[in-house]
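Spelled out from the first residue to the last, the chains are:
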Amino acid sequence: QKEVEQDPGPLSVPEGAIVSLNCTYSNSAFQYFMWYRQYSRKGPELLMYTYSSGNKEDGRFTAQVDKSSKYISLFIRDSQPSDSATYLCAMSGTGANNLFFGTGTRLTVIP
Amino acid sequence: DTEVTQTPKHLVMGMTNKKSLKCEQHMGHRAMYWYKQKAKKPPELMFVYSYEKLSINESVPSRFSPECPNSSLLNLHLHALQPEDSALYLCASSQEPSGTTQYFGPGTRLTVL
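Predicted, not measured: the structure shown is a model, and the values here were computed from it. Residue numbers here run from 1 along each chain, matching the order of that chain's written sequence. Throughout, the order in which chains and ligands are written sets their labels, letters from A for the former and numbers from 1 for the latter. With the structure being a predicted model, the display of local features is reserved for residues of pLDDT at least 70 and the display and counting of side-chain atom pairs for 80 or more, all residues being used for whole-chain, interface and lining totals. Values reported for side chains reflect all heavy atoms of the structure, with hydrogen atoms and water molecules removed beforehand.

Core analysis: the largest hydrophobic core is formed by 24 residues, its most contacted members being Trp35, Ile72, Leu74, Ile76, Tyr87 and Met91 of chain A. The helix and strand labels rest on DSSP assignments: H or I over at least four residues marks a helix, E over at least two residues marks a strand, and numbering proceeds from the N terminus. Within the residue set of this core, elements represented by two or more residues are β3 (19-25), β4 (30-38), β5 (45-51), β7 (61-66), β8 (71-76), β9 (85-93) and β11 (105-110) of chain A. For this analysis, residues touch if any pair of their heavy atoms sits within 4.5 Å. Beyond its immediate sequence surroundings of up to four residues, Leu74 of chain A is in contact with Val19, Ser20, Leu21, Trp35, Leu47, Met48, Phe61, Thr62 and Tyr87 of chain A. Note on terminology: a nonpolar core comprises buried Ala, Val, Leu, Ile, Met, Phe, Trp, Tyr and Cys residues joined through side-chain atoms within 4.5 Å. Here the term buried applies to any residue with accessible area under 20% of the maximum for its type, exposed to any over 50%, and partly exposed to those in between, with areas from a 1.4 Å probe on protein chains only. If you look at the next biggest cluster of nonpolar residues, it comprises 22 residues, including Leu76, Tyr89, Cys91 and Leu110 of chain B.

Below, the discussion takes up the pattern of salt bridges. Note on definitions: salt bridges are taken to be side-chain nitrogens of Lys or Arg within 4 Å of carboxyl oxygens of Asp or Glu. Evaluated as defined, the whole model comprises five salt bridges over all chains. Across the salt bridge formed by Glu57 of chain A and Arg77 of chain A, the nearest N and O atoms sit 3.4 Å from each other. Of this pair, Glu57 of chain A sits in strand β6 (residues 54-58) while Arg77 of chain A is found in the loop between β8 and β9, placing the two residues 20 residues apart along the sequence. Looking at Glu57 of chain A, the relative accessible area reads 59%, which means it is exposed. Asp85 of chain B is the partner of Arg63 of chain B in a salt bridge, and the nearest nitrogen-oxygen pair spans 2.7 Å. Here Asp85 of chain B lies in the loop between β8 (73-79) and β9 (87-94) and Arg63 of chain B lies in the loop between β6 (53-57) and β7 (64-70), a separation of 22 residues in the sequence. In this structure Asp85 of chain B comes out as buried when scored by relative accessible area, which is 2%.

All names here are of chain A. As judged from the six bridges shared by β3 and β8, these two strands associate in the antiparallel manner. Considered in β8, the bridge of Ser20 is made with Phe75. With six bridges joining them, β7 and β8 adopt antiparallel strand pairing. Considered in β8, the bridge of Thr62 is made with Phe75. The rule for pairing is simple: two strands pair if DSSP sees at least two bridges between them. Linking β7 back to β8 in an antiparallel pair, the connection comprises four residues, with Lys70 at a positive phi of about 55°.

Turning our eyes to something else, we now look at the sheet that holds β6 of chain A. Residue and element names in this part refer to chain A. Read across the sheet, five strands follow the order β1-β3-β8-β7-β6 without closing on themselves; strand pairing throughout is antiparallel. Among the strands making up the open sheet, the edge pair consists of β1 (4-6) and β6. Averaged over all pairs of adjacent strands, the angle between their axes in this sheet comes to 15°, without regard to strand direction. Interaxial angle, 0 to 180 degrees, is taken between N-to-C directions of lines fitted to C-alpha atoms, where a helix line uses only the stretch in contact.

A pair of Phe, Tyr and Trp rings is counted when the ring centres sit within 6.5 Å of each other, with Trp represented by its six-membered ring. The angle between the planes then sorts it: under 30 degrees is stacked, over 60 is edge-to-face, the rest tilted. The full count for this structure, using the stated rule, is 12 aromatic pairs over all chains. Relative to Tyr49 of chain A, the ring of Tyr32 of chain A lies with its centre 6.3 Å away and its plane at 0°, an arrangement referred to as stacked. Note that Tyr32 of chain A is positioned in strand β4 and Tyr49 of chain A in strand β5, a separation of 17 residues in sequence. Tyr32 of chain A gets classed as buried once you look at its relative accessible area, which sits at 13%. Assessed through its relative accessible area of 21%, Tyr49 of chain A is described here as partly exposed. With 6.4 Å between their ring centres and 35° between their planes, Tyr33 of chain B and Tyr35 of chain B make a pair best called tilted. On the basis of relative accessibility, which here comes to 1%, the residue Tyr33 of chain B falls in the buried class. Overall, Tyr35 of chain B belongs to the buried group, its relative accessible area being 0%.

What follows is about the layout of surface pockets. Buriedness of a pocket was judged along seven lines, with at least five required to meet protein on both sides within 12 Å; pockets are open sets of points on a 1 Å grid over the protein atoms alone, cavities are sets where a 1.4 Å probe fits but cannot get out, and lining residues have an atom within 4 Å of a point. Grid points are joined across faces, edges and corners, and a volume is the space filled by probe spheres set on the points. Here the largest pocket defines a volume of roughly 610 Å³. Ser40, Thr86 and Arg106 of chain A together with Ala39 and Lys40 of chain B are, among the 23 residues lining the largest pocket, the residues nearest its centre. Put simply, the parts of the chain that give the lining of the largest pocket at least two residues each are β9 and β11 of chain A. Amino acid classes used here: Ala, Val, Leu, Ile, Met, Phe, Trp, Tyr, Cys and Pro are nonpolar; Asp, Glu, Lys and Arg are charged; the rest, including Gly, are polar. Taken together, the residues of the lining of the largest pocket break down into eight nonpolar, eight polar and seven charged.

Turning next to the interface of chain B and chain A. Listed as interface residues are 24 residues of chain B and, on the opposing side, 20 residues of chain A. Run the count over chain B and chain A and you get zero salt bridges. Polar contacts, as counted here, are pairs of nitrogen or oxygen atoms within 3.5 Å of one another; within protein the pair requires one atom able to donate a hydrogen and one able to accept it, and residues that are adjacent in sequence qualify only if both atoms are side-chain atoms. The interface formed by chain B and chain A contains four residue pairs in polar contact (both at pLDDT 80 or more). Sorting the residues of the side of chain B that touches chain A by element identifies β4 (31-37), β5 (44-50), β6, β9 and β10 (102-104) of chain B as the ones contributing at least two each. Taken together, the residues that form the side of chain B that touches chain A break down as 13 nonpolar, eight polar and three charged.

Now the structure itself:
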């Protein structure tokens, strides 16, 4: 079993839709949760960073962490064609250098 | 400013060449990382430098040799690479070696002929 599971998609939605991206994980020691956006042939760009459980909102993006279910989500409201990219979840534990990545979900927002 | 810069953007090399990838950050971060990313896969950790000392080597072949000349710079020296080493090489940095977010550079697209 992988440490982090993420549905690779691809996921296609019409412009303006609400997008839900999800990851599950098995290691209860994970405390730090991140979402990265990666455009084709570019480096990952940090979108959201959450410590432990709870919600965090930044503009059209909302990150949720449910540690009891070992489940994290990223919601994108009013999706735009410029949101078309691969979204990677990543997480790490206290005292650890390593980031554990999901496989990434490829999102296309259709105008 | 959360910028990590990498040079060159693209690199094509033969299997007998020696080349170097460079990474720079001026955020005062104390940890720097090299990752390798193949198409449609997540980044794979190669090396971690913590306070300018190599702290993690993820069993990377010796044809990849990292170097951290100072707290802002990270190099990856390449020698006798194989075609399967062709990938996007990403540098990242974080404020501390653990529990803080990693910021990635744009990557170097490496092709080994």
